[in-house]
Amino acid sequence: MGFKCGIVGLPNVGKSTLFNALTQTAAAEAANYPFCTIEPNVGEVQVPDPRLDKISAIVKPQATIPTRLTFVDIAGLVKGASKGEGLGNKFLAHIREVDAIAYVLRCFDDPDVTHVDGRIDPLADAETVETELMLADMESLEKRIEPLEKKIRGQDKEAKKTLELVTSALELLHEGKPARTALVAEEDRRLFQALNLLTSKRVLYVCNVDEASAATGNAYSKQVEEKVAETTKAASGSDPKPAEVVVISARIEAELAQLDHEERTEYLSELGLSEAGLDRLIRTGFHLLDLITYFTAGEKEVRAWTVPLGTPAPRAAAVIHTDFEKGFIRAETISYDDFITLGGEQAAKEAGKMRLEGKEYIVKDGDLLHFRFAT
């Protein structure tokens, strides 16, 4: 099961530098001119999780495999992108395939790095990006109306409900409100999600600050934090989960990406940082998407698996192999805390801490699971 986070922003805000550091590659060329990213770059990153290392230290497997998150770097947006300006709809289409969107906002002064609008204003940048996404959504929805009306004349009940959702979303967008503020009944959520609207996706604001502000943020990043807090307080809609804010220095992260573990630790200490900003960014993206991790542990491998919060055991088993869901019998379950405290699977069994869970069991973050299934 893959989860994707799109990275968007105006040109020259540090998107590609950040993406390069995330993936520790030079896949996205970073240059001081607009549109240096001419194809959407995709990179998978490991989700940092100290629990995985602690489990491996007990089991001593042949391999340890973390769970992963996919980041998609999209070319810099400009005003008019929804109408084809810059690189236009070609790249907006790629954003539709992600589960959440990270808005990279320039929160640093540097006369050597030009800004497309000639000024540093992260809130205005965020508004420009959001406006272009809303305009693209409006265009997408308006194109759906006529086909839906034809289906309705053919007595298609689902088309009627879909048209109601389209109309409701359009009204909000015309008022300058993103689609995620729409009030959608639980029974209509599937149809609403199928509209695949850009502004219905969850948002992560990434404040790219100068090196000196990496630990504490600066006046620019504080503006973003205050605005998000204000918006969250007044939020309503089909998805009430608040947006998240991460303060990060893409330049520092690019340097860290070139260092080995010992050098990274020393460099972070010199900067007064307890961890790399990218680790916070990845974890925050993971949290934003309401994802949890469960583990499998054996002699061959200890592995982390990603599932959405609220996933029942059979569906979690399907992440490993679809046959596991089809023939699901039960899940042998040990909590992470019990596994670590007692020193492994056998000790947990002897202490009566291994549970047999059935099809209705909702997997919890940190569970160690062994699935029993019929072939």
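Scroll up to find the structure this text is about.
All of these numbers come straight from a predicted model, not from anything done at the bench.

Undergrad: So what's going on with helix 5 (residues 157-174)? Which residues, and what values?
TA: Between its first and last C-alpha, helix 5 extends 26 Å over 18 residues, near the 26 Å set by a 1.5 Å rise per residue. Those residues of helix 5 that fall on the buried side of the exposure criterion are Ala-159, Thr-162, Leu-163, Leu-165, Val-166, Ala-169, Leu-170, Leu-172 and Leu-173. The secondary structure elements touched by the buried residues of helix 5 are helix 4 (122-153) and helix 6 (189-194). At the N-terminal boundary of helix 5, the capping side chain belongs to Asp-156, with an oxygen 3.0 Å from the backbone nitrogen of Glu-158. Following helix 5 by one or two positions, Gly-176 adopts a phi angle in the positive range, close to 85°.

Undergrad: Explain the sheet that holds strand 4 (residues 68-73) residue by residue, including any values.
TA: The sheet built from six strands is open, its strands ordered 2-4-1-5-6-7 with mixed pairing. Strand pairing shows two members of the sheet lacking a second neighbour, strand 2 (41-46) and strand 7 (244-248), which therefore form its edges. On average, each strand axis in the sheet is inclined to that of its neighbour by 25°, with strand direction left out of account. Sitting on the sheet, helix 1 (residues 15-23) is in contact with strand 1 (4-8), strand 2, strand 4, strand 5 (100-107), strand 6 (202-209) and strand 7, with an inclination near 45° to strand 2. Across the face of the sheet, helix 10 (residues 277-288) comes into contact with strand 2, strand 4, strand 5, strand 6 and strand 7 while running at roughly 170° to strand 7.

Undergrad: Just give me the short version of the pairing of strand 5, but keep the residues and values in it.
TA: Counting buried positions over the eight residues of strand 5 gives eight, a clear majority of the element. On strand 5, burial covers both faces: Ala-100, Ala-102, Val-104 and Arg-106 on one face and Ile-101, Tyr-103, Leu-105 and Cys-107 on the other are all buried. Strand direction decides the pairing type here: strand 5 and strand 6, joined by eight bridges, are parallel. By the bridge assignment for strand 6, Leu-105 is matched with Cys-207.

Undergrad: Please give an account of empty space enclosed by the protein that cites residues and values.
TA: Across all of its chains, the model carries two cavities of 30 Å³ or more by this definition. The computed volume of the largest cavity comes to approximately 40 Å³. Around the largest cavity, the lining residues are Ala-214, Ile-248, Ser-249, Ile-252, Glu-253, Leu-273, Glu-275, Gly-277 and Arg-280. A per-class count over the lining of the largest cavity returns four nonpolar, two polar and three charged.

Undergrad: How would you sum up the packing of aromatic side chains? Please name residues and give values.
TA: Under the counting rule described, the total for this entry stands at four aromatic pairs. Site record: aromatic cluster; members linked through ring pairs are Tyr-294, Phe-328 and Phe-371. Lying across the ring of Tyr-336, Arg-51 places its NZ or CZ 6.0 Å from the centre.

Undergrad: I'd like to hear about the state of the cysteines, residue by residue, with values.
TA: Enumeration according to the criterion identifies zero disulfides in this entry. Here Cys-207 is not disulfide-linked; the sulfur of Cys-107 is the nearest cysteine sulfur, at 4.1 Å.

Undergrad: So what's going on with the nonpolar core? Which residues, and what values?
TA: Formed by 50 residues in total, the largest nonpolar core has its most connected members in Leu-69, Phe-71, Tyr-103 and Leu-281. Looking at this core element by element, the count peaks at seven residues for strand 5. With sequence-adjacent residues up to four places away left out, Leu-69 is seen in contact with Phe-3, Gly-43, Glu-44, Val-45, Val-47, Ile-282, Gly-285, Phe-286, Leu-289 and Leu-291. Among the nonpolar cores identified, the runner-up in size contains 19 residues, and Ala-159, Leu-163, Leu-172 and Ala-179 belong to it.

Undergrad: How would you explain the environment of Leu-273 if you had to name every residue and give the values?
TA: Within the element layout of this structure, Leu-273 appears in the loop between helix 9 (261-271) and helix 10. The exposure class of Leu-273 is buried, given its relative accessible area of 14%. Separated by 59 residues in the primary sequence, Leu-273 and Ala-214 place their C-alpha atoms 8.0 Å from one another.

Undergrad: How would you sum up helix 1? Please name residues and give values.
TA: Across the nine residues that make up helix 1, a large majority, eight, are buried. Burial in helix 1 covers these residues: Lys-15, Ser-16, Leu-18, Phe-19, Asn-20, Ala-21, Leu-22 and Thr-23.

Undergrad: Can you explain the pattern of salt bridges? Please cite residues and give values.
TA: Per the stated rule, a full pass over the model turns up 19 salt bridges. With a closest N to O distance of 3.0 Å, Glu-332 and Arg-372 form a salt bridge. With Glu-332 in strand 10 (residues 328-334) and Arg-372 in strand 12 (residues 368-373), this residue pair connects regions lying 40 residues apart in the sequence. What makes Glu-332 buried here is its relative accessible area of 9%. Residue classification places Arg-372 among the partly exposed residues on the basis of a relative accessible area of 36%. Among the charged side chains, a salt-bridge network with shared partners connects Asp-49, Arg-51 and Asp-365.

Reading guide: rules and limits
- Residues numbered from 1 in each chain as written.
- Predicted model: local features only at pLDDT ≥ 70, side-chain atom pairs only at ≥ 80, totals over all residues.
- Heavy atoms only, no water.
- Helix = DSSP H or I, 4+ residues; strand = E, 2+ residues; numbered from the N terminus.
- Expected span 1.5 Å × (residues − 1).
- Buried < 20%, exposed > 50% of the residue type's maximum accessible area, 1.4 Å probe, protein only.
- Contact = heavy atoms within 4.5 Å.
- Polar contact = N/O pair within 3.5 Å; in protein donor to acceptor, adjacent residues only side chain to side chain.
- Pairing = 2+ DSSP bridges.
- Axes fitted to C-alpha atoms, helices over the stretch in contact; angles between N-to-C directions.
- 1 Å grid on protein atoms, 1.4 Å probe; cavity = no way out; pocket = protein on both sides within 12 Å on 5 of 7 lines; lining within 4 Å.
- Points joined across faces, edges and corners; volume = space filled by probe spheres on them.
- Nonpolar A, V, L, I, M, F, W, Y, C, P; charged D, E, K, R; others polar.
- Phe/Tyr/Trp six-rings, centres within 6.5 Å; stacked < 30°, edge-to-face > 60°.
- Lys NZ or Arg CZ within 6 Å of the ring centre and 35° of its normal.
- Disulfide = S-S within 2.5 Å.
- Core = buried A, V, L, I, M, F, W, Y, C linked by side-chain atoms within 4.5 Å.
- Salt bridge = Lys/Arg side-chain N within 4 Å of Asp/Glu carboxyl O.

Purely geometric numbers; function is a separate question.
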